[in-house]
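Structural characterization, general
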Amino acid sequence: KSVDAGAFELYGPMIEESFDCTLTLDCSIDVRGKFYVGMDYAVIVSVEDTCGASDLTSISVGGGTWSNPVAGTSSSTSAYTASFGTPTWGTASDYTVCWAGGASVDADYAVRLGSLGMAGPTGCSNCECYKGKDCTVLLTVHGLSEEQAAR
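Residues numbered from 1 in each chain as written. Predicted model: local features only at pLDDT ≥ 70, side-chain atom pairs only at ≥ 80, totals over all residues. Heavy atoms only, no water.

This part takes up the overall build of the protein. The secondary structure content of the protein amounts to one helix and eleven strands. Ordered by position from N to C terminus, the α and β elements of the protein give β-β-β-β-β-β-β-β-β-β-β-α. For a compact globule of 151 residues, the expected C-alpha radius of gyration is about 15 Å, and the protein comes in at 19 Å, more than 25% above that figure. Overall, the protein is about 85 × 30 × 25 Å in size when its C-alpha atoms are taken along their principal axes. Residues counted as buried form 30% of the 151 residues belonging to the protein. Accessible surface computed for the protein: about 9,300 Å², of which carbon and sulfur atoms make up 50%. Positive and negative side-chain charges of the protein, numbering 7 and 18 respectively, have mean locations separated by a distance of 4 Å. (Helix = DSSP H or I, 4+ residues; strand = E, 2+ residues; numbered from the N terminus. Rg over C-alpha atoms; globule rule 2.2 N^0.38 Å. Buried < 20%, exposed > 50% of the residue type's maximum accessible area, 1.4 Å probe, protein only. Areas by Shrake-Rupley, 256 points an atom, 1.4 Å probe, with all protein chains shown as cover. Lys, Arg positive; Asp, Glu negative; His and termini not counted. Charge placed at Lys NZ, Arg CZ, Asp CG, Glu CD.)

This is the structure we're talking about:
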């Protein structure tokens, strides 16, 4: 015998996505799904971490207006934006983005939103230059074209 218990609604992101950010530029991600306005949070963690773990690893990115984790902002229940701000220093690398519908501890971020590539310099060779002397600085970069890296 079955009993009709009413409608069932599942809240959260729809699909895993890939996101891109660049050191020294604003980092915001748009997420699609079904959400409660004002109840959605995102955190960027090490690519080795598993969303929902009780000991998520903080990434080595910060400064400027950077904040991690962040509460999302939305004007509808079908999408929200997580604005992490502008990082002024950090490690350009690949990371994982996790989501929580209301969060107070690391384990609440149990849903994997996808991957995030943080573009920028990863190292420098011959980084000492002297005033009045020719100087060549060699940067290694992650996620940037040669043209972007030269800026």
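Having seen the structure, we can now continue with the description.
The topology assignment puts threonine 88 in the loop between strand 7 (79-85) and strand 8 (89-90). Other than its neighbours up to four places away in sequence, threonine 88 contacts Thr24, Gly62, Gly63 and Gly64. Within the local environment of threonine 88, its side chain forms a polar contact with the backbone nitrogen of glycine 64, the two atoms lying 3.2 Å apart. (Contact = heavy atoms within 4.5 Å. Polar contact = N/O pair within 3.5 Å; in protein donor to acceptor, adjacent residues only side chain to side chain.)

What follows deals with the packing of aromatic side chains. Applying the stated criterion to the full structure yields one aromatic pair. An angle of 25° between the planes, with centres 5.6 Å apart, marks the rings of tryptophan 66 and phenylalanine 84 as stacked. Here phenylalanine 84 lies in strand 7 and tryptophan 66 lies in the loop between strand 5 (61-62) and strand 6 (70-71), a separation of 18 residues in the sequence. The pair tryptophan 66 / phenylalanine 84 is uniform in exposure class, with both members buried. (Phe/Tyr/Trp six-rings, centres within 6.5 Å; stacked < 30°, edge-to-face > 60°.)

Here we take up the nonpolar core. One finds Ile29, Phe84, Leu113 and Leu116 to be the most contacted residues of the largest nonpolar core, which totals 23 residues. At the level of elements, strand 2 (17-22), strand 3 (27-34), strand 4 (40-46), strand 7, strand 9 (93-101) and strand 10 (111-125) are the ones that each hand at least two residues to this core. Excluding its chain neighbours within four sequence positions, the residues that come into contact with isoleucine 29 are Phe19, Tyr80, Thr81, Ala82, Phe84, Val97, Leu113 and Leu116. With seven residues, the next largest nonpolar core counts Val45, Leu56, Cys98 and Ala100 among its residues. (Core = buried A, V, L, I, M, F, W, Y, C linked by side-chain atoms within 4.5 Å.)

By the element assignment, threonine 73 lies in the loop between strand 6 and strand 7. For threonine 73, a relative accessible area of 52% corresponds to the exposed category. Taking C-alpha positions, threonine 73 is 36 Å from leucine 139, a pair spaced 66 residues apart along the chain. Once you skip the residues sitting within four places of it in the chain, threonine 73 turns out to touch Tyr80 and Thr81.

Here we take up the state of the cysteines. Following the criterion strictly, the structure yields three disulfides and no others. Bridging cysteine 21 to cysteine 27, the disulfide has an S-S length of 2.0 Å. Residues cysteine 21 and cysteine 27 are joined through a disulfide that is right-handed, its torsion about the S-S bond being 70°. Residue cysteine 27 is classed as buried on the basis of its relative accessible area of 0%. (Disulfide = S-S within 2.5 Å.)

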